[in-house]
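Each chain is listed here by its residues.
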Amino acid sequence: DTAVSQTPKYLVTQMGNDKSIKCEQNLGHDTMYWYKQDSKKFLKIMFSYNNKELIINETVPNRFSPKSPDKAHLNLHINSLELGDSAVYFCASSQGLYGTATGELFFGEGSRLTVL
Amino acid sequence: GENVEQHPSTLSVQEGDSAVIKCTYSDSASNYFPWYKQELGKRPQLIIDIRSNVGEKKDQRIAVTLNKTAKHFSLHITETQPEDSAVYFCAARGTDKLVFGAGTILRVKS
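So, a few notes on the structure that sits alongside this text. (Residues numbered from 1 in each chain as written. Chains lettered and ligands numbered in written order. Predicted model: local features only at pLDDT ≥ 70, side-chain atom pairs only at ≥ 80, totals over all residues. Heavy atoms only, no water.)

1. Things to note about the state of the cysteines
Residues and elements named next belong to chain A.
At step 1: Tallied over the full model, the rule gives two disulfides over all chains.
At step 2: Shown here is the disulfide that connects C23 with C91, its sulfur atoms set 1.9 Å apart. One quick way to see it: the torsion about the S-S bond of C23 and C91 is about -80°, and its sign makes the bridge left-handed. Of this pair, C23 sits in strand 3 (residues 19-25) while C91 is found in strand 9 (residues 87-94), placing the two residues 68 residues apart along the sequence. The exposure classification of C23 matches that of C91, with both residues buried. (Disulfide = S-S within 2.5 Å. Helix = DSSP H or I, 4+ residues; strand = E, 2+ residues; numbered from the N terminus. Buried < 20%, exposed > 50% of the residue type's maximum accessible area, 1.4 Å probe, protein only.)

Listed below in C-alpha cells is the structure:
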C-alpha cells in the first residue's frame, strides 16, 4: 500500500495548456509539500500545507495553484504551461512541519512533466 | 534564511572504497540534518539523520558526523557497492524550513 501516491506519473503537454497533478497520503500526516526537481536534480520547495492551511509559498509564479481539500490530499494545478515548467514534481508528507515530530519527509514517486 | 552547500557535485569511487560527501550550512539555529538517497528514476528516501545534540551517528556502512561550531556535516559510506550509486542530498532544518543541498552524484565502479 503506497504511502504517498501521486498521479499522473508522466505528463506530456503543449505550451499554454493547463494541467493538474494529484497527491494523496495514507500515513496520517498533517503536513504535505510540493517540490520541483529540475534537470540538474536540485530539489526546491514550492508549497507546504499544514492541516489544509498554506504555510509556505516559495516565490512560485501565480500560474501554480495548490489546493488541499483535506489533510490527506494536496493537488497542484498549473495554468498556461511554459517550457521552463518541465521538471519532475514530487509530493511529500511529514508529521509536523518539516518533520518536526519525527524528522522524516516521505516522498511520492514523482510526476514527470514535459512541456513541448 | 538557511543556505546549504554540498560538495562534491559528482564523486566516482571504486567498489570497496569509501565515499565522503560534505555539506555546510549557514543558520546556527539549524538542529536537524537528514541525508536522502535518490536512485535513478526513483523518489528521494531518508537514509540517515542526525540531530544537533549528537556529533556522530552510524548505521551499518553509513555514518554522519556533525560539527556545530564549524557548521558542517558529512556523510561517510564505507565499503561502497554498486547499489550505492545514486544522488545523495544533505539538508538542514532551521527555524522555519528544511533546505536541501544541490546533491552529489555518486558512481561506484565495479
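Structure's up, so let's keep going.
2. A look at the sheet that holds strand 6 (residues 56-59) of chain B
Residues and elements named next belong to chain B.
At step 1: One open sheet accounts for five strands, arranged 1-3-8-7-6; its pairing is antiparallel. Because the sheet does not close on itself, it has two edges, and the strands there are strand 1 (4-7) and strand 6. The sheet shows a mean angle of 15° between the axes of neighbouring strands, taken without regard to direction.
At step 2: Where strand 6 and strand 7 (residues 62-67) come together, four bridges link them in antiparallel fashion. Counted as the bridge partner of E56 is T65 from strand 7. (Pairing = 2+ DSSP bridges. Axes fitted to C-alpha atoms, helices over the stretch in contact; angles between N-to-C directions.)

3. Details of the interface of chain A and chain B
At step 1: Every contact between the two is made by 21 residues of chain A and, on the other side, 16 residues of chain B.
At step 2: Linking chain A with chain B are one salt bridge.
At step 3: Salt-bridge contacts for R43(B) lead to E109(A); the nearest nitrogen and oxygen are separated by 3.1 Å.
At step 4: Inspection of the region where chain A meets chain B yields four residue pairs in polar contact (both at pLDDT 80 or more).
At step 5: For the side of chain A that touches chain B, a count of residues per class yields nine nonpolar, seven polar and five charged. (Contact = heavy atoms within 4.5 Å. Salt bridge = Lys/Arg side-chain N within 4 Å of Asp/Glu carboxyl O. Polar contact = N/O pair within 3.5 Å; in protein donor to acceptor, adjacent residues only side chain to side chain. Nonpolar A, V, L, I, M, F, W, Y, C, P; charged D, E, K, R; others polar.)

4. Looking at the pattern of salt bridges
All names here are of chain B.
At step 1: Inspection of the entire model under this criterion finds seven salt bridges over all chains.
At step 2: Among the salt bridges present, the one from E39 reaches K37, with a minimum N-O distance of 3.5 Å.
At step 3: Looking at E39, the relative accessible area reads 34%, which means it is partly exposed.
At step 4: Two residues, K57 and D49, come together in a salt bridge whose shortest N-O distance is 2.9 Å.

5. With respect to the nonpolar core
At step 1: Residues W35(B), F73(B) and L106(B) are the most contacted members of the largest nonpolar core, which totals 24 residues.
At step 2: Residues within four places of L106(B) in sequence aside, it is in contact with L11(B), V13(B), A19(B), I77(B), D84(B), S85(B), A86(B) and Y88(B).
At step 3: Counting 20 residues, the second largest nonpolar core, distinct from the first, contains V4(A), I21(A), Y49(A) and L113(A). (Core = buried A, V, L, I, M, F, W, Y, C linked by side-chain atoms within 4.5 Å.)

6. Re the sheet that holds strand 7 (residues 64-70) of chain A
Residues and elements named next belong to chain A.
At step 1: Reading across from one edge, 1-3-8-7 is the order of the four strands in this open sheet, with antiparallel pairing throughout. Of all the strands in the sheet, just strand 1 (4-7) and strand 7 have a single pairing partner and so form its edges. Taking the axes of each pair of neighbouring strands and ignoring which way they run, one obtains an average angle of 15° across the sheet.

7. Concerning the pairing of strand 5 (residues 43-50) of chain A
Residues and elements named next belong to chain A.
At step 1: Counting buried residues in strand 5 gives seven out of eight residues, a clear majority hidden from the surface.
At step 2: With seven bridges connecting them, strand 4 (residues 31-37) and strand 5 associate as antiparallel partners. Counted as the bridge partner of M32 is Y49 from strand 5.
At step 3: In this antiparallel pair of consecutive strands, strand 5 and strand 6 (residues 53-57), the connection spans two residues, and N51 shows a positive phi of 50°.

8. Some details on the packing of aromatic side chains
What describes a pair of aromatic rings is the distance from one ring centre to the other and the angle between the planes of the rings.
At step 1: Taken as a whole and assessed by the stated rule, the structure comprises 13 aromatic pairs over all chains.
At step 2: Ring geometry for Y35(A) versus F107(A): centroids 5.6 Å apart, planes at 55°, classification tilted. One end of the pair, Y35(A), is in strand 4; the other, F107(A), is in strand 10 (residues 106-107), and 72 residues separate them in sequence.
At step 3: Since its relative accessible area comes to 1%, Y35(A) is described here as buried.
At step 4: In textbook terms, an aromatic cluster arises when at least three aromatic residues are bridged by ring pairs, as seen for Y33(A), Y35(A), F90(A), F107(A), Y36(B), F89(B) and F100(B). (Phe/Tyr/Trp six-rings, centres within 6.5 Å; stacked < 30°, edge-to-face > 60°.)

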